[in-house]
Amino acid sequence: MENAELKKNFIENYCVKVKDEEGLITYEINTEVNHKDEDGKIQVMSIGPVNEGPIKSVLLLGETGAGKTRVLNTMINHLLGVNFDDNFRFQLKDYVESDDLLQVESQTEYITAYIVSHQLGMPIECNYMLIDTPGFGDTRMNHDKVPIERLTIFLTSNCGIDDLNCVALVAKANQNRVTSYQIQMLEDFTSVLGSNIGDITQLLATFATDDNSAVVDVVKHAGVQFVNLYQFDNGLLYDPLCDGLLQNHKHAYLTYRWNRMQAEYTRFFEELQRSIPVNLKRTGDLLLEKKLLEETKIEMIDVVKSMDRIINIINNKHKEIKKIEDEVNRITVTTRREIPVKAEYPMTSGYHVHNCETCQKSCKICDDPKNLRAAVAGTGTGVGTAVFSGIITSLISGGVMGAEVGVLGGPVGVAIGAGIGCGIGLATGLATGLVLRKTKASCLSSLYGQCTSDGCSHDMKSHKIETRMYIMEEIIVTDDNEKAKYDDFKNTLRQLRTQVEENRSTLNDFEEDVLQIAHALLRH
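(A) Fine view of the overall build of the chain. When its secondary structure is counted, the chain shows 11 helices and 20 strands. Here the chain holds 524 residues, and the buried ones make up 41% of them. Sequence-distant contacts, at least 24 apart, represent 75% of the contacts inside the chain between residues at least 6 apart. Of the roughly 29000 Å² of accessible surface on the chain, a fraction of 53% belongs to carbon and sulfur atoms.

As structure tokens, then:
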């Protein structure tokens, strides 16, 4: 009576009818989410009213298609006391509703822990945590390590599981071979759960309609240690009921199979009560350290890759700097040139120059005839010679004039005439000498004809007589185009050197990160 009341209350409070086929009603169990991690694809669901009683935990492992979901549903129907003749069955949802209402994901992609709370009418006063895992070999998974990774996340998260009472390895009863991939996956699961899980591992053979135990030899050959074999014939869980007298024999046969299946589940749960659990605290700690180790290794690799990238950038920047420096060294921004400049030249007093304005050069340097002292004393020069010749000529003319005066005045007249002649002759000679100076060969050629100075062939009339002469003065000339290129290159060099320094600073930061990560690696 208690069992019937249990099932009635459970249907009314925790189920929704989803199917009614040939007299067999299927109720979908409403579960309450205790914990959910959409990124890690793990969740903990509660079935029935929560209580603080002890929990026996069962972890289901197996390939996709081995029948884990059917085993899970059969276990729940068994715990709720469903009999073969009951016109209903219970089942769990086979999908997960995401926070995005438009997205629905398969339940089998998650690690889901179902906490089946004890209720009045259940055979054993105990709560059960039935942990369903993704099947390894599931083609919907992105890679083979997904089930292992999710199991690691589950065991290291705060999901309320401290002890594990059973690792239920689910496999088809008629499986007659094992692949290297299956062996590798089982070894990976063992490495995650710990080497002592063999003491709590049970082999659950599904689709066991006869005594076919080929899977036992296969599992043993794979080196998997387990305690007991349970043969589950779960196929008739949702078969329609048999009605009518003609179906009596079939009904009896199906009842026999059902009872046999129930007996195996009873044996399984009784063994579960006696099992010594494996504490997962240390396993979780080790897994957490292993996870941190892997994450730290990945972080180290990422930092080293970043350092390598920065070093390559720095090297490339140095190459750019060298290339631009070579370009800068080839640029001639300024050049030195000589240009003619008219300036005072420290000539001896009494000299002048003949400057060609067309050529902008001083062609000839001559004495200055306007200098009286040069005219009188410079007899050794062209100017002095000219003046001296002029004086002699003028004295002769002055003497003639004085004689004429003297004749008129007797002897006294002669003396006076001679004095007058000398004075007139000297004055006239000076004037004549100045004029004759221009007729001397040294300057005459500077007044008439074509210039014979090196590099000049212009008429002397175009020359200027000046006391300033042309000299060649060196000046620095700037090429504006080259100067612009030079400035651009210099600006680019400054930017590149700034970038190199910034990259060096980043590299130093990475070096400090590497040191810290190395210490973390040692700790883990």
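(B) Representation of the nonpolar core within the structure. Leu60, Met75, Phe90, Leu204 and Phe268 are the most contacted members of the largest nonpolar core, which totals 45 residues. A total of 7 residues in this core trace back to one element, the largest contributor, which is helix H6 (residues 248-274). Leu60 has contacts with Lys68, Val71, Leu72, Met75, Ile131, Thr133, Ala168, Val170 and Leu204, leaving out every residue within four places of it along the chain. Formed by 40 residues, the second largest nonpolar core is a distinct cluster that contains Ile42, Ile111, Ile161 and Val192.

(C) Layout of the sheet that holds strand E17 (residues 351-356). Here we have 3 strands laid out as an open sheet, ordered E18-E17-E19, and antiparallel in their pairing. Whereas interior strands pair on both sides, the edge strands pair on one side only; in this sheet they are strand E18 (361-367) and strand E19 (463-466). Taking the axes of each pair of neighbouring strands and ignoring which way they run, one obtains an average angle of 25° across the sheet. One ladder, built from 4 bridges, connects E17 with E19; its direction is antiparallel. Note on E19: the bridge partner recorded for Val353 is Glu466.

(D) View of the packing of aromatic side chains. Within the structure shown, the criterion is met by 11 aromatic pairs. Centroid distance Phe10 to Tyr14: 5.4 Å. Interplanar angle 35°. Geometry classified as tilted. Residue Phe10 and its partner Tyr14 are located together in helix H1 (residues 2-14), separated by 4 residues, close to a single helical turn. Accessibility expressed as a relative area gives 1% for Phe10, which makes it buried. On the basis of an interplanar angle of 80° and a centroid distance of 5.2 Å, the ring pair of Phe10 and Phe90 is categorised as edge-to-face.

(E) A negative patch on the surface, seen in detail. Residues Glu295, Glu299, Asp302, Asp509, Glu511, Glu512 and Asp513 make up a contiguous surface patch of negative charge. Counting residues per element, the negative patch draws most heavily on helix H11 (residues 480-523), at 4 residues. Its location among the elements puts Glu512 in helix H11.

(F) Spotlight on the side chain of Thr206. Here Thr206 shows up in strand E13 (residues 201-206). Exposure remark for Thr206: the relative accessible area of 2% places this residue in the buried category.

(G) Region of interest: the sheet that holds strand E2 (residues 24-29). Ordered by their spatial adjacency, 3 strands build an open sheet running E1-E2-E6, and the pairing between neighbours is mixed. Of all strands in the sheet, those with a lone pairing partner are strand E1 (15-21) and strand E6 (88-91), marking the two edges. The average undirected angle you get between the axes of adjacent strands in this sheet is 25°. Sheet analysis places E2 next to E6, joined by 4 bridges and oriented parallel. Within E6, the position partnered with Tyr27 by the bridge is Phe90. The sheet contacts of H1 involve E1, E2 and E6, and relative to E6 the element is tilted by about 50°.

(H) Here's a closer look at the pattern of salt bridges. With the rule as written, the count across this model stands at 12 salt bridges. When the shortest N-O distance is used, the salt bridge between Arg330 and Glu327 registers 2.8 Å. You can see Arg330 and its partner Glu327 sitting in helix H7 (residues 280-330), 3 residues apart, about one turn around the helix. By relative accessible area, which is 56% here, Arg330 ends up exposed. Of the residues examined, Glu327 reaches a relative accessible area of 29% and is grouped as partly exposed. Measuring nitrogen to oxygen at the nearest pair gives 3.6 Å for the salt bridge that ties Lys485 to Glu482. Here Glu482 and Lys485 lie together in helix H11, a separation of 3 residues that amounts to about one turn.

(I) Seen up close, empty space enclosed by the protein. For the coordinates displayed, the defined rule picks out 1 cavity of 30 Å³ or more. Considering only enclosed or pocket space, the largest cavity measures out at about 40 Å³ in volume. In terms of lining, the largest cavity is formed by Asn165, Cys166, Gln202, Phe268, Glu271, Leu272 and Ser275. Among the elements that make up the lining of the largest cavity, the one with the highest residue count is H6 (3 residues). Partitioning the lining of the largest cavity into residue classes produces 3 nonpolar, 3 polar and 1 charged.

Procedures and definitions
- Residues numbered from 1 in each chain as written.
- Predicted model: local features only at pLDDT ≥ 70, side-chain atom pairs only at ≥ 80, totals over all residues.
- Heavy atoms only, no water.
- Helix = DSSP H or I, 4+ residues; strand = E, 2+ residues; numbered from the N terminus.
- Buried < 20%, exposed > 50% of the residue type's maximum accessible area, 1.4 Å probe, protein only.
- Contact = heavy atoms within 4.5 Å.
- Areas by Shrake-Rupley, 256 points an atom, 1.4 Å probe, with all protein chains shown as cover.
- Core = buried A, V, L, I, M, F, W, Y, C linked by side-chain atoms within 4.5 Å.
- Pairing = 2+ DSSP bridges.
- Axes fitted to C-alpha atoms, helices over the stretch in contact; angles between N-to-C directions.
- Phe/Tyr/Trp six-rings, centres within 6.5 Å; stacked < 30°, edge-to-face > 60°.
- Patch = residues over 30% accessible without salt bridge, like charges linked within 9 Å, V, L, I, M, F, W, Y side chains within 5 Å.
- Salt bridge = Lys/Arg side-chain N within 4 Å of Asp/Glu carboxyl O.
- Lys, Arg positive; Asp, Glu negative; His and termini not counted.
- Charge placed at Lys NZ, Arg CZ, Asp CG, Glu CD.
- 1 Å grid on protein atoms, 1.4 Å probe; cavity = no way out; pocket = protein on both sides within 12 Å on 5 of 7 lines; lining within 4 Å.
- Points joined across faces, edges and corners; volume = space filled by probe spheres on them.
- Nonpolar A, V, L, I, M, F, W, Y, C, P; charged D, E, K, R; others polar.

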